[in-house]
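Below are the chains, spelled out letter by letter.
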Amino acid sequence: MLKVENLDVAYGHLQVLRSVNMHIKNGEIVAILGANGAGKTTFLKSVMGLVPPKAGKVFYQGQDVTGLPTFQLSRKGIAFVPEERNIFPAMTVEENLLLGAYVNNVKSQVNANLKDVYEMFPRLQERRRQLAGTMSGGERQMLAIGRGLMNKPHLIILDEPSMGLSPTNVLIVFETIKNLITQEVTIIIVEQNVNATLAVASRAYVMEHGSVVMEGTSETLLSNDHVKKTYLGLN
Ligand SMILES: Nc1ncnc2c1ncn2[C@@H]1O[C@H](COP(=O)(O)OP(=O)(O)OP(=O)(O)O)[C@@H](O)[C@H]1O
Ligand SMILES: [Mg+2]
């Protein structure tokens, strides 16, 4: 579904990604792990057309999409839920969701998608007239994910969905992710919450200083000494 070959990204003279290779198959959940500053967000942004690559290629469903603008990638079925959860605080929950439906804005289709999102997140339906800015952290994250789903994406890219959430809300977010699997959505997830992430992901990549240093199935990584020590705090 997604294949990234030898991706190099630099901010000015600062090279942040070095020859990154990844592939994600249809229906997989793939995690990207790595310390702060490893280049995870940069990688996602570059795939999503938000940061131009210096070299390398991105293929989506067999097509070369390197450097395509974000809106065209959305049209092709990729949704990106950024770290910052760019919701509009002065608009209601429902208005935020409707804004997400810019790819296919035929009214009947939008209403059907809205119904599906509400089915998945009953909390958003209960709060549909509430201003997004007054929602709790966990609810806002649901809203950000729900908005991504309004375009019926084939691939959803989540950047640290559990960041800043209370333990209960973290559980809710991971439940949501498990739910997404049943909707036949392919998922790329960047997370610091390594245990919970490897429990839902089938495979993972570990990034350090802008390079992929390890990849494998979740079980393999969970039993790897370097991963245990560096990312799980175990000896
Ligand atoms: N717009 C930018 N201009 C210059 N440097 C940047 C920019 N964005 C990120 N960087 C730098 O690139 C490196 C990688 O950042 P990135 O945000 O991709 O890391 P990350 O793995 O997502 O980290 P975190 O876990 O903290 O979110 C960091 O050293 C960061 O300071
Ligand atoms: Mg980041």
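Residues numbered from 1 in each chain as written. Chains lettered and ligands numbered in written order. Predicted model: local features only at pLDDT ≥ 70, side-chain atom pairs only at ≥ 80, totals over all residues.

Considering the site of ligand 1
Ligand 1 sits among Y11, L14, V16, G34, N36, G37, A38, G39, K40, T41 and T42. Mapped onto the shell around ligand 1, the elements with two or more residues apiece are β2 (14-24) and α1 (40-47). Per element, the largest residue contribution to the shell around ligand 1 is 3 residues, and it comes from α1. Of the residues contributing to the shell around ligand 1, the split by class is 4 nonpolar, 6 polar and 1 charged. (Near = placed C-beta within 6 Å. Helix = DSSP H or I, 4+ residues; strand = E, 2+ residues; numbered from the N terminus. Nonpolar A, V, L, I, M, F, W, Y, C, P; charged D, E, K, R; others polar.)

Quick word on the pairing of strand β6 (residues 78-81)
Within a regular beta strand, the side chains point alternately toward one face of the sheet and then the other, so they alternate between its two faces. Every second residue of β6 is oriented toward a common face, with I78 and F80 on one face and A79 and V81 on the other, all of them buried. In this sheet, strand β7 (residues 155-159) lies alongside β6 in parallel orientation, the contact comprising 4 bridges. Paired with A79 across the two strands is I156, which belongs to β7. (Buried ≥ 20, exposed ≤ 12 C-beta atoms within 10 Å, placed from the backbone. Pairing = 2+ DSSP bridges.)

Quick notes on the environment of F80
Looking at the secondary structure, you find F80 in strand β6. For F80, a count of 22 C-beta atoms within 10 Å gives the class buried. Taking C-alpha positions, F80 is 8.7 Å from K45, a pair spaced 35 residues apart along the chain. In contact with F80, other than residues within four places in its own chain, are L44, M48 and I157. (Contact = placed C-beta atoms within 7 Å.)

What to know about the domain arrangement of the chain
Each domain of the chain was delimited in the assignment, giving domain 1 (1-77 + 157-235) and domain 2 (83-152). Between the C-alpha centres of domain 1 and domain 2 there is a distance of 23 Å. Every contact between the two is made by 15 residues of domain 1 and, on the other side, 9 residues of domain 2. Elements supplying a minimum of two residues to the side of domain 1 that touches domain 2: α2 (70-75) and α7 (167-181). (Domains from an automatic or database assignment.)

A look at the sheet that holds strand β10 (residues 211-217)
Neighbouring strands of a sheet are bound in pairs by backbone hydrogen bonds; such pairs are parallel or else antiparallel. Spatially, β6-β7-β8-β3-β9-β10 is the arrangement adopted by the 6 strands of the open sheet, whose pairing is mixed. If you trace the sheet from one side to the other, it starts and ends with β6 and β10, each paired once. Across the sheet, the mean angle from the axis of one strand to that of its neighbour is 15°, orientation sign disregarded. Here helix α6 (residues 137-149) sits on the sheet and contacts β6 and β7; the angle it forms with β6, its principal contact strand, is near 165°. (Axes fitted to C-alpha atoms, helices over the stretch in contact; angles between N-to-C directions.)

Some points on α1
The buried count for α1 comes to 6 of 8 residues, which makes it a mostly enclosed element. Buried within α1 we find K40, T42, F43, L44, S46 and V47. Once α1 finishes, G49 follows within two positions and takes phi at roughly 80°, a positive value.

A closer look at the sheet that holds β2
Taking strand neighbours across the sheet as the criterion, the 4 strands line up as β2-β1-β4-β5 in an open arrangement whose pairing is antiparallel. The two strands at the open ends of the sheet, each matched to only one other strand, are β2 and β5 (63-64). Pairing analysis gives 7 bridges linking strand β1 (residues 2-11) to β2, with the strands arranged antiparallel. Note that in β2 the partner of V9 across the bridge is L17. Contacts from α1 reach β1, β2 and β4 (55-60) within the one sheet, and its direction differs from that of β2 by about 65°.

Overview of the packing of α6 against α7
As a packed pair, α6 and α7 sit with axes 9 Å apart at the nearest point and diverge in direction by 20°. Classified by the angle their axes make, α6 and α7 are roughly parallel. Once α6 is placed against α7, the crossing between them reads as right-handed. From α6, G137, G138, Q141, M142 and I145 reach across to α7, where they touch N169, I172, V173 and T176. In terms of residue class, the contact of α6 with α7 is made up of 4 nonpolar, 5 polar and no charged. (Parallel < 35°, antiparallel > 145°, perpendicular 65-115°, else oblique. Left-handed = near helix turned anticlockwise from the far one by under 90°.)

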